[in-house]
Structures are given as structure tokens and as C-alpha cells.
Amino acid sequence: TLNQVKEFAAKLAASSKLASLDSKTLYTYEDETGAPLYWRVRADCRATGEKFIRPFYWTGTAFESKEPPAPPEGKPLYGLQRLAIKPAAVVIVCEGEKATDALNRYFHLNGCAGVLAVTSGGASSAGAANWQPLNGRACFVFPDHDEAGAKYAHEVIAALQGIASSAAVLDISGLGLPPKGDAVEW
């Protein structure tokens, strides 16, 4: 049940050993129908800037504190159900679930029905992801404002070759983002 998922996420976040738990967020990776595949819990400590991100899934009998085995085609994207609901939408690929959710909230609040955001996860996740759900889509990468973000953007663009109808990295230089800033700060 959802309560069991939240309880396990809270226990996992509490095990983080962060100086303080200022916020915790639960992200659900779903299939195209909205059925949960697995979750990620994120805990943040504002005082130190530390973050704790851990995946977990339900084995059928218990929660396992890791990602489920990846299918042969690669790990699922965060946002598969949105892609299924909006088959013609332009896609913005972000680094991380927090930035993805921030952009999707922005699009919703500002009536941008033809745009949605997805992610493969963190900065090193692009190579293991299944990008096929973006087949034929116009895609843009909104990179984090750091070296890892630039590397992630490059890897996503390479992965989208032959899949997306078009793929480009957004120029974020004029957004006034702080170092390591992303769509959340924008």
C-alpha cells in the first residue's frame, strides 16, 4: 500500500546520517499505465548542502533497498506515464527527479500543455536508460549548471541519436543560475 511505501521511505531517509533532515521527497518511477515500478527517496540537509538519494522496490514479499533489475532494453525513464498521456509533447530532459518535477509544475501552472519533462536519474544515468519512449519526439536537455551537467547533456544527446526526431541542449548561460544550479533554481 502507499502507506507502506511511505513508511519504508521514511526509514530509509532516517538512515541517511545527514546532520539534519530538512526535507524528504518520494519519487515514483511508473510504467506507461501509472503502475509503480520502483521509488527513490531523497533527503536534504540545507545546512551542509548534503543530499541522500536511495532507490527501493517491492519484490512481491518485501522492500529491497536498491533498484530492481533493469530490463534488457534499459532502465525506465522517470515520467513514462506523462509520455503516454501526451504522445505529441515536446520533451525536456533534466538531470534528476527534483528538476523534472519542478519543470512539470511550471509547465502545468503556466498552461504549457505541449511540453513535459523526464529524466533518466542522476548525472551518470544516461547510458543505462531506455530512451526508446522518446522515439520521434522533439527533445531538449536542460543541463545542470556544472561540469557533470554538461557531461550528462552530452551523453543524453548521444543516446537520443536515431531515436528522437530532434535533440539539442538548451543554452542556460543567460538564466543566471548559481554554480550547480538547475531547473529548480530557474
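Residues numbered from 1 in each chain as written. Predicted model: local features only at pLDDT ≥ 70, side-chain atom pairs only at ≥ 80, totals over all residues. Heavy atoms only, no water.

Peer 1: Is there a simple way to explain the overall build of the protein chain in this structure?
Peer 2: Along its length, the protein chain carries four helices and eight strands. The order of α-helices and β-strands along the protein chain, N terminus first, is α-β-β-β-β-α-β-α-β-β-α-β. Here the C-alpha atoms of the protein chain give a radius of gyration of 16 Å, agreeing with the 16 Å that 2.2 N^0.38 yields for 186 residues. Here the protein chain holds 186 residues, and 42% of them are scored as buried. Taking the intrachain contacts of the protein chain between residues at least 6 apart in sequence as the baseline, contacts between residues at least 24 apart amount to 63%. Distance between charge centroids for the protein chain: 5 Å, based on 18 positive and 20 negative side chains. (Helix = DSSP H or I, 4+ residues; strand = E, 2+ residues; numbered from the N terminus. Rg over C-alpha atoms; globule rule 2.2 N^0.38 Å. Buried < 20%, exposed > 50% of the residue type's maximum accessible area, 1.4 Å probe, protein only. Contact = heavy atoms within 4.5 Å. Lys, Arg positive; Asp, Glu negative; His and termini not counted. Charge placed at Lys NZ, Arg CZ, Asp CG, Glu CD.)

Peer 1: Is there a simple way to explain the sheet that holds strand E3 (residues 50–58) in this structure?
Peer 2: Backbone hydrogen bonds are what pair the strands of a sheet, in a parallel or an antiparallel way. If you trace the four strands from one edge of the open sheet to the other, you get E1-E2-E3-E4, paired in antiparallel fashion. Two strands close off the open sheet at either side, each with one partner strand: strand E1 (23–30) and strand E4 (63–64). Of the strand pairs in this sheet, E3 and E4 are connected by two bridges, and their pairing is antiparallel. In the sheet register, Trp58 faces E4, and the bridge partner there is Phe63. Lying over the sheet, helix H3 (residues 97–109) contacts E1 and strand E2 (36–45), oriented at roughly 80 degrees with respect to E1. (Pairing = 2+ DSSP bridges. Axes fitted to C-alpha atoms, helices over the stretch in contact; angles between N-to-C directions.)

Peer 1: Would you mind showing me how to read a nonpolar patch on the surface here?
Peer 2: On the surface, Tyr106, Leu175 and Trp186 cluster together into a nonpolar patch covering about 280 Å² of accessible area. Turning to its location among the elements, Leu175 is positioned in the segment after strand E8 (166–169). (Patch = residues over 30% accessible without salt bridge, like charges linked within 9 Å, V, L, I, M, F, W, Y side chains within 5 Å. Areas by Shrake-Rupley, 256 points an atom, 1.4 Å probe, with all protein chains shown as cover. Salt bridge = Lys/Arg side-chain N within 4 Å of Asp/Glu carboxyl O.)

Peer 1: Looking at this model, I keep getting lost on H3. Mind explaining?
Peer 2: In an α-helix, one full turn covers 3.6 residues, which means residues spaced three or four apart are oriented alike. Here H3 is 13 residues long and its end C-alpha atoms lie 18 Å apart, about the 18 Å a rise of 1.5 Å per residue gives. All of the buried residues in H3 are Glu97, Ala99, Thr100, Asp101, Ala102, Leu103, Asn104 and Phe107. Among the structural elements, E1, E2, helix H2 (80–85), strand E5 (90–94), strand E6 (115–119) and strand E7 (138–142) are those in contact with the buried residues of H3. Immediately downstream of H3, the backbone of Gly111 shows phi near 65 degrees, a positive value. (Expected span 1.5 Å × (residues − 1).)

Peer 1: Teacher, can you tell me more about the sheet that holds E6 here?
Peer 2: The strand order E6-E5-E7-E8 describes an open sheet built from four strands, whose pairing is parallel. Of all strands in the sheet, those bounded by a partner on one side alone are E6 and E8. Between one strand axis and the next, the sheet turns by 25 degrees as a mean value, whatever way the strands run. Summarising the sheet, E5 and E7 pair through four bridges and their orientation is parallel. Across the sheet, residue Val93 finds its bridge partner in E7, namely Val141. Contacting E5, E6 and E7, H3 crosses the sheet at an angle of about 170 degrees to E6. Docked against the sheet, helix H4 (residues 147–160) engages E5, E6, E7 and E8, running at close to 170 degrees with respect to E8.

Peer 1: Hey, could you run me through the pattern of salt bridges in this one?
Peer 2: Opposite charge on two side chains permits them to pair, given that their charged atoms come into close proximity. Within this structure, the stated rule accounts for five salt bridges. Measuring nitrogen to oxygen at the nearest pair gives 2.9 Å for the salt bridge that ties Glu97 to Arg40. Residue Glu97 is located in helix H3, and its partner Arg40 is located in strand E2; the two are separated by 57 residues in the primary sequence. Assigned by exposure class, Glu97 and Arg40 land together as buried. Of the charged contacts, one joins Asp44 and Arg42 as a salt bridge, the two residues approaching to 3.0 Å between their closest N and O atoms.

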